[in-house]
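For reference, the chains in residue letters:
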Amino acid sequence: LAKTTQPISMDSYEGQEVNITCSHNNIATNDYITWYQQFPSQGPRFIIQGYKTKVTNEVASLFIPADRKSSTLSLPRVSLSDTAVYYCLVASGVSSGSARQLTFGSGTQLTVLP
Amino acid sequence: NAGVTQTPKFRVLKTGQSMTLLCAQDMNHEYMYWYRQDPGMGLRLIHYSVGEGTTAKGEVPDGYNVSRLKKQNFLLGLESAAPSQTSVYFCASSSRAEYPSYEQYFGPGTRLTVT
């Protein structure tokens with residue numbers, strides 16, 4: 001699985017848009033990019049996944065350039081409750097019937113300030 | 001739906017003792033996983049299962065055994081606990097959908113301390 005690199009920590013203020021960039025230079029053709037959020041003392045929670053271009057859901061957007069060697073998670077208008085660790089993962093595009101394994105890195109600690 | 005539940009929530013063991021962690025999911029998911037998370041680090045996969053009666057090793061399987069006798073349950077066993085196994089253990093499950101979805105549903109975790 002491709003190794004990912006993301007900032008250790010980021011600070012933002014309430015109401016701002018936050019962009020967290022992740023690099024994955026060795027991503028393979030069939031790999032997907034996925035992001036998880038984890039609050040203290042809780043299990044991670046899936047945010048979004050994508051393969052190329054832009055994906056948007058009700059909580060975030062994911063931007064993936066054409067070369068797919070990086071991706072950016074965008075959180076619009078963050079609030080204090082968005083303070084958490086955010087993990088960027090490259091997931092192997094295995095065929096159905098196999099477990100879809102995830103490899104977690106150290107993540108980015110996002111702190112939203114009032 | 002309760003989602004993914006884990007039993008117990010906390011446990012303290014002495015070195016050499018054994019225990020079993022229970023994970024249950026009510027979403028009819030095919031895949032189930034056990035992870036451990038050490039302080040300040042991401043999760044590491046211990047074992048996983050692609051269906052009832054099947055198990056496979058993950059990244060850090062040594063010192064652990066698993067069983068999946070029923071589709072909804074995934075058990076993680078420590079036969080002889082060591083201080084290095086002090087960690088928070090998370091169970092997760094996911095669906096074997098046609099479209100490659102990487103959404104895993106996690107339980108609340110079990111905090112294990114081995115003295």
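Caption draft 1: Inspection of the overall build of chain A at higher detail. Helix and strand content of chain A: zero helices and nine strands. Ordered by position from N to C terminus, the α and β elements of chain A give β-β-β-β-β-β-β-β-β. In terms of C-alpha radius of gyration, chain A reaches 14 Å, essentially the compact-globule figure of 13 Å for 114 residues. Across its three principal directions, the C-alpha atoms of chain A cover 45 × 30 × 25 Å. Within the span of chain A, comprising 114 residues, buried residues form 45% of the whole. If you take every contact in chain A between residues at least 6 apart in sequence, the share linking residues at least 24 apart comes to 58%. With an accessible surface of roughly 5500 Å², chain A has 50% of that area assigned to carbon and sulfur atoms.

Caption draft 2: Geometry of the environment of Cys22 of chain A. Residue and element names in this part refer to chain A. Here Cys22 lies in strand 2 (residues 18-23). Taking the C-alpha atoms as reference points, Cys22 and Thr83, 61 residues apart in sequence, are found 18 Å from one another. Filtering out sequence-adjacent residues up to four positions away, Cys22 remains in contact with Thr4, Thr5, Gln6, Trp35, Lys69, Ser70, Ser71 and Cys88.

Caption draft 3: Structural context of the interface of chain B and chain A. Residue-level contacts link 25 residues of chain B with 25 residues of chain A. Counting across the interface, chain B meets chain A through zero salt bridges. Where chain B touches chain A, the interface holds six residue pairs in polar contact (both at pLDDT 80 or more). When contributions to the side of chain B that touches chain A are tallied by element, the ones reaching two or more residues are strand 4 (31-37) and strand 5 (43-49) of chain B. If you tally residues by element for the side of chain B that touches chain A, the top one is strand 4 of chain B, at four residues. Residue composition of the side of chain B that touches chain A, by class: 15 nonpolar, six polar and four charged.

Caption draft 4: Representation of the packing of aromatic side chains within the structure. Throughout the structure, instances matching the rule amount to eleven aromatic pairs over all chains. Summarising the aromatic geometry, the rings of Tyr32 of chain A and Tyr102 of chain B are spaced 5.6 Å apart at their centres and angled 40° between planes, so their arrangement reads as tilted. Note that Tyr32 of chain A is positioned in strand 3 (residues 32-38) and Tyr102 of chain B in the loop between strand 9 (87-94) and strand 10 (105-106), a pairing that runs across two chains. The exposure classification of Tyr32 of chain A matches that of Tyr102 of chain B, with both residues buried. Connected via pairs of aromatic rings, a cluster forms that spans Tyr36, Phe46, Tyr87 and Phe104 of chain A together with Tyr33, Tyr35 and Phe106 of chain B. The residue whose ring lies beneath Arg68 of chain A is Tyr51 of chain A, and the NZ or CZ to ring-centre distance is 4.0 Å.

Caption draft 5: Layout of the pattern of salt bridges. Residues and elements named next belong to chain B. Enumeration according to the criterion identifies two salt bridges over all chains in this entry. Taking the shortest distance from any N to any O, the salt bridge between Asp38 and Arg36 comes out at 2.9 Å. Of the two residues, Asp38 and Arg36, neither departs from the other in class, the shared state being buried. In this structure, Arg44 engages Asp38 in a salt bridge whose closest nitrogen and oxygen atoms are separated by 2.7 Å.

Caption draft 6: Main features of the sheet that holds strand 8 (residues 84-91) of chain A. All names here are of chain A. Here we have five strands laid out as an open sheet, ordered 1-9-8-3-4, and mixed in their pairing. Strands with a single pairing partner mark the edges of an open sheet, and in this sheet they are strand 1 (9-13) and strand 4 (45-50). Within this sheet the neighbouring strands show an average axis-to-axis angle of 25°, counted without direction. In the sheet, strand 3 pairs with strand 8 via seven bridges, with the strands oriented antiparallel. By the bridge assignment, Tyr32 is partnered in strand 8 with Ala91.

Analysis parameters
- Residues numbered from 1 in each chain as written.
- Chains lettered and ligands numbered in written order.
- Predicted model: local features only at pLDDT ≥ 70, side-chain atom pairs only at ≥ 80, totals over all residues.
- Heavy atoms only, no water.
- Helix = DSSP H or I, 4+ residues; strand = E, 2+ residues; numbered from the N terminus.
- Rg over C-alpha atoms; globule rule 2.2 N^0.38 Å.
- Buried < 20%, exposed > 50% of the residue type's maximum accessible area, 1.4 Å probe, protein only.
- Contact = heavy atoms within 4.5 Å.
- Areas by Shrake-Rupley, 256 points an atom, 1.4 Å probe, with all protein chains shown as cover.
- Salt bridge = Lys/Arg side-chain N within 4 Å of Asp/Glu carboxyl O.
- Polar contact = N/O pair within 3.5 Å; in protein donor to acceptor, adjacent residues only side chain to side chain.
- Nonpolar A, V, L, I, M, F, W, Y, C, P; charged D, E, K, R; others polar.
- Phe/Tyr/Trp six-rings, centres within 6.5 Å; stacked < 30°, edge-to-face > 60°.
- Lys NZ or Arg CZ within 6 Å of the ring centre and 35° of its normal.
- Pairing = 2+ DSSP bridges.
- Axes fitted to C-alpha atoms, helices over the stretch in contact; angles between N-to-C directions.

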